[in-house]
Amino acid sequence: MSNRWSYGFAFGAVTPSILQLFSDSYMPANVPVWAKVFVYLLGALEVGVAYMPFFACLSTLHQAFGGVLGLLYTLAWLIVRLWDVATCPGGEVLGDYEKLLIQWPCFLCLSFLMCRFVCMVVKDIRVHFQLQSEELQVKEETLVQSHQFQYVQTLLKQPPEQSVRKSWFRMKIYDWDPYFKFPNRMIGTAVISLIGLYTMTLGDYGLSGYVFSELESLSSSLEQLVQSSNDTNNLFAKVLPYLDEFGHVAKKTWLVTIPLTSLTSVTYTFHVLACYRKHIRRLWSGERNFLPERFHKPSSAISVAAITRYSGWQIAFTLWGYLIMHFVQFMFALLFVYLVVLPIQKGGFLPWFSKLAILLLTIFFVVAVVVVQIVLVQIFFLQDKLSPEDKQKPLALNNRKAFHSFNYFFFFYNAIMGLSNCILRLVSSCIVGTWLVSRIDRTIMQRGYEPMDPGYVTWIGMITADHYHSNPVMVCFCHLLLKQIVERREPVNTYSQFDNTDCPAGGRIRTRWLLFYTLLKNPELIRLRKRQRDILDPLALAWVMTSHTEAAGPPIRSVIDIPDPSIPQ
């Protein structure tokens, strides 16, 4: 939970190399198909080793040493990337400033890391020379100052009588929680997903422009070929107008759906964070009804392995989901243009609206028949309310013979309607599944088939493991338990507090006197000592006790009887 945004920007600096892993640009030539999986593994290990110093320098306890090494390593990466952009800035897709447009988020992350490493060095130096006493308090921060302890305190308090009025932003868009913090894993995943979506959007825009320009040049070549042949009955001459129209419509439709898809994917990224907080809070309160029944107690090994899989899978689901969602939105936009826009442009609004009215009238009759069935059942085939205050009638049949006749005659009509509803069910399932493919917090499978969705299984395992390791009630309980154990062990060193007391006979004599008095009050402890000594004469003991008491002051009780000065008597 500490240093979260620094880790997030460190992951942002890794994003260009992670995106490169999705391509085959680093794949050597003539690699067998069966060996590609090992090449992918070696590439992933190479990226991990190359960027490991970032995280090692951020997590080390030696702040000054880690800050200096991290600053030098980050500066080296920044110089190399700037040199790469300066020497070869252009590209075939985005033009002269392609690399600068793609890699400026990486430059921003590297700059932030440099500032962070400088702050680490400065803070460590100030603490070392004791120029800032507050840093010592930060290092000794207790659980009382954490969000988990504050959350437990809210559970022990009575809820306020009047709820706090929330702003429009908190009610409609996002309601922050001061007693909850996202872990490093979720922040790093979100940063990489956002930078990856930005890169995918730029690549999609540039590549689509390049492809449509090539299609336009191909269409112009075909047009010149048709004009040179002077054959109006040629197949190319008949198809060419439709190709030109489709190319023009497809280009505008594709470019319009790019920002819509990007906005949807960005919204999904933040929505996954909100769902993570919501699901974790429900697990904290003991609520598991939102999970499928078979996932109430997932396997421990699966849950821990899900932590390692989640970040990579979420990033891949987000990027591939962008492409799939863009294609789906493109198809819907094409249907809208060919069914609405072009017919109105060519034939006018009234002819198009007359055809639409016929279609809507058919749909209206279909829906009306379904509604009529429900109304007839509500009026004639259900018994009256048990109480006038009931909102609906009870689930008890009335007029059974009439209901059987009603059911019989509508059977044939519902059989016909079942075919269209079956097709509608299949189409809607495909649309929703492809639309929500990047939402790893939801399953796209039907109930009972959730284990066949590996993304959803990973999500459930991940939130279960986080719940078991970050439950505020359990964390506070363990903290208080350990603190109590430490406090119980502290009386072992209680004798040391008398070493520097103002005793006329010296600290060593007083310590031995306390030892003698404790053994006198607890004779059973004598057998536990390493060396047992003969007990002195009782008269001598009394004389020693009396003389020492007169010289030292009031009698000292056993350590067990000495009250704790921190506790009010």
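Residues numbered from 1 in each chain as written. Predicted model: local features only at pLDDT ≥ 70, side-chain atom pairs only at ≥ 80, totals over all residues. Heavy atoms only, no water.

Section: the overall build of the protein chain
Part 1: What the protein chain contains, in helices and strands, is 16 helices and zero strands.
Part 2: When the 569 residues of the protein chain are sorted by exposure, 29% land in the buried category.
Part 3: In the protein chain, 73% of the contacts between residues at least 6 apart in sequence involve partners at least 24 apart.
Part 4: Carbon and sulfur atoms provide 66% of the accessible area of the protein chain, an area that totals close to 38,900 Å². (Helix = DSSP H or I, 4+ residues; strand = E, 2+ residues; numbered from the N terminus. Buried < 20%, exposed > 50% of the residue type's maximum accessible area, 1.4 Å probe, protein only. Contact = heavy atoms within 4.5 Å. Areas by Shrake-Rupley, 256 points an atom, 1.4 Å probe, with all protein chains shown as cover.)

Let's talk about the nonpolar core
Part 1: Residues Phe54, Tyr276, Trp459, Met462 and Ile463 are the most contacted members of the largest nonpolar core, which totals 62 residues.
Part 2: Residue assignment for this core shows that the elements contributing at least two residues are helix H1 (4–21), helix H2 (36–59), helix H3 (63–87), helix H4 (98–128), helix H8 (184–229), helix H9 (235–284), helix H10 (300–347) and helix H13 (454–470).
Part 3: Top contributing element to this core by residue count: H9, with eleven residues.
Part 4: In this structure, Trp459 is in contact with Val272, Cys275, Tyr276, His279, Tyr310, Ile440 and Asp441, ignoring residues within four places of it in sequence. (Core = buried A, V, L, I, M, F, W, Y, C linked by side-chain atoms within 4.5 Å.)

Brief notes about the packing of H2 against H3
Part 1: Between H2 and H3, whose axes approach to 9 Å, the crossing angle comes to 145 degrees. Relative to H3, the crossing made by H2 is left-handed. Between H2 and H3, the residues in contact are Ala50, Tyr51, Pro53, Phe54 and Cys57 and Gly66, Leu69, Gly70, Tyr73, Thr74, Trp77 and Arg81, respectively.
Part 2: Of the residues assigned to the contact of H2 with H3, the class counts are eight nonpolar, three polar and one charged. (Axes fitted to C-alpha atoms, helices over the stretch in contact; angles between N-to-C directions. Left-handed = near helix turned anticlockwise from the far one by under 90°. Nonpolar A, V, L, I, M, F, W, Y, C, P; charged D, E, K, R; others polar.)

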